[in-house]
Protein chains: 2
Amino acid sequence: MNFIKKILKSRSENGEIFLIEIQKILGFKPHDLSIYKKAFTHSSIKKKSASGQPLNYERLEFLGDALLSSIIAIDLFKKIPTGSEGYLTQMRSKIVSREHLNEIGKDLSLISLISSKVPKNNFGDNIHGNVFEALVGAVYLDKGFVYCEKFINKTVIEPYVDIERLEGKITSYKSVLIEWCQKQKCQIRYDVYEDTGNDRTKHFSVRLYIDDDVVGKGRATSKKKAEEIASKRAYYKLQDQIELSE
Amino acid sequence: MNFIKKILKSRSENGEIFLIEIQKILGFKPHDLSIYKKAFTHSSIKKKSASGQPLNYERLEFLGDALLSSIIAIDLFKKIPTGSEGYLTQMRSKIVSREHLNEIGKDLSLISLISSKVPKNNFGDNIHGNVFEALVGAVYLDKGFVYCEKFINKTVIEPYVDIERLEGKITSYKSVLIEWCQKQKCQIRYDVYEDTGNDRTKHFSVRLYIDDDVVGKGRATSKKKAEEIASKRAYYKLQDQIELSE
């Protein structure tokens, strides 16, 4: 194969890998892939479009940050019908905090898709959250508001927004369950195993047994998180009994 | 007419007036009027819904503020394709500043529709902007994101968001026009007259003549604003000639 053919082949292979990876993260087929490429381009790459627009993720970050704030506001407004303005504002700050967005970006392994001229281990921790915001902006531009809402629901609200926990009523579902099992004189056991599969980062799966029944499963990038996810699911299955026993 | 009938009649008349006024402000027919009533209910009215939800505008204000920020962000992102993240953030702050939102609320005469147990002259200046934000939240809840975008376009973006002015290139269209007319040796004249019509607050209309032609019209709550609106319209009509002469 000649030199140019090799370059073109490797480029289209890279493009295909990018498409497959981005589709996995999004949960739907992107329409205009170039927007997503921009969302993963660091400003150390100095490209500009013909009209002078910088081809990196910084502008998309501005857009995504705004959409994230308003979509979380809408969700909280609906989920906490008696919460005051101040209370809703405070809840939102917790969800869209820098640390929280960094955690989300890390869990999605976004950094592995970034194009940059700077070595990736030189990036600070905020790169994870920044690229996540840019990705939210890209989804809005590519597919509109409803898709953007769905994407935020899948990546932020479902896995991380837990009103009981945010309200400080429950800080660990695992400890609530352990305590309840002690009272009920049941055996509780977490069966953890490595389960990375096709992911780029290490993952763990957990089965939560009470006596001999599996009552919750979880999968995440750390054992602790996977256990907490399984515990939360078990908690909501058993909620009526747990609340009765309190 | 007996006592109860009188009360009911006056209530339904009030309801009709509210519907007419709100429809004038919105530019479309509301679906669920009760949401808009809440947007105009001050917290001094201590009503709650059956589920314990306070029936005043404070929660809607939280929702509207979030939507306003993101819709303005989307607009700026599209209108200023080469603006950096920092620049877009700065532009947005100018548009959604407290003073600016108060001005918009005042121009729409929103205060006249507020239900309150406190006398209206006891309200501070921020009531205008707060109720405007609540109204944005109400439009979103009642009609969804696209209508909310349209409403913000009509009330904020079209009349107030002027990139040239925000960027500090032009601070007064009137003075640009006067200067240009001096250069061109044309006569410029503003013909101002009171034109309140059916509005609740005083309004003025202006016709801007250059020599004997009307080149712009404007209507607003002050003479100065109406002149500036007419000047801006004239500016955009004559933009090519004005820029050539610079």
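Each chain carries its own residue numbering, running from 1 in the written order of its sequence. Following the order in which they are written, the chains are lettered starting with A and the ligands numbered starting with 1. Local features in this predicted model are restricted to residues whose pLDDT is 70 or higher, and side-chain atom pairs enter the listing and the counts only when it is 80 or higher, whereas totals over whole chains, interfaces and linings include all residues. Calculation of side-chain values draws on the structure's entire complement of heavy atoms; hydrogens and water are dropped beforehand.

## As for the domain arrangement of chain A
Residues and elements named next belong to chain A.
- Domain borders in the structure are assigned automatically or taken from a domain database. Taken domain by domain, chain A comprises domain 1 (3-161) and domain 2 (173-245).
- Between domain 1 and domain 2, the C-alpha centre-to-centre distance is 30 Å.
- The contact criterion used is simple: two residues touch if any of their non-hydrogen atoms lie within 4.5 Å. Contacts between the two partners involve nine residues from domain 1, matched on the other side by six residues from domain 2.
- A buried area of about 590 Å², summed over both sides, lies between domain 1 and domain 2, and 33% of it is on carbon and sulfur atoms.
- Accessible area that two parts lose when put together, with a 1.4 Å probe and added across both, is what the buried area reports. Of all residues in domain 1, the largest losses of buried area upon contact with domain 2 belong to Asp 107, Ser 109 and Ser 112, amounting jointly to 51% of the total for that side.

## What to know about the interface of chain B and chain A
- Taken residue by residue, the interface counts 31 residues in chain B and 30 residues in chain A.
- Carbon and sulfur atoms make up 67% of the area that chain B and chain A hide from each other, which totals about 2,600 Å².
- Its largest share of buried area at the contact with chain A, chain B owes to B:Arg59, B:Phe62 and B:Phe77, together 31% of the area lost on that side.
- Numbering of helices and strands runs from the N terminus, with a helix taken as a DSSP run of H or I at least four residues long and a strand as a DSSP run of E at least two residues long. Of all the secondary-structure elements, those providing two or more residues to the side of chain B that touches chain A are α3 (58-79), α4 (85-95), α6 (126-143) and α7 (145-160) of chain B.
- Ranked by residue count, the leading element in the side of chain B that touches chain A is α3(B), at 15 residues.
- Gly is placed with the polar residues, together with every amino acid not listed as nonpolar (Ala, Val, Leu, Ile, Met, Phe, Trp, Tyr, Cys and Pro) or charged (Asp, Glu, Lys and Arg). Taken together, the residues of the side of chain B that touches chain A sort by class into 14 nonpolar, nine polar and eight charged.

## So, unusual backbone geometry
- At A:Lys185, a position not held by glycine, the phi torsion is positive, near 55°.
- By secondary structure assignment, the location of A:Lys185 is in the loop between α9 (173-184) and β1 (188-194).
- Even without a glycine there, the phi angle at B:Asp211 is positive, about 50°.
- Its location among the elements puts B:Asp211 in the loop between β2 (204-210) and β3 (213-220).
- Throughout, exposure labels follow a simple rule: accessible area from a 1.4 Å probe, protein chains only, divided by the maximum for the residue type, with under 20% read as buried, over 50% as exposed, and the rest as partly exposed. The exposure class assigned to B:Asp211 is partly exposed, which follows from its relative accessible area of 42%.

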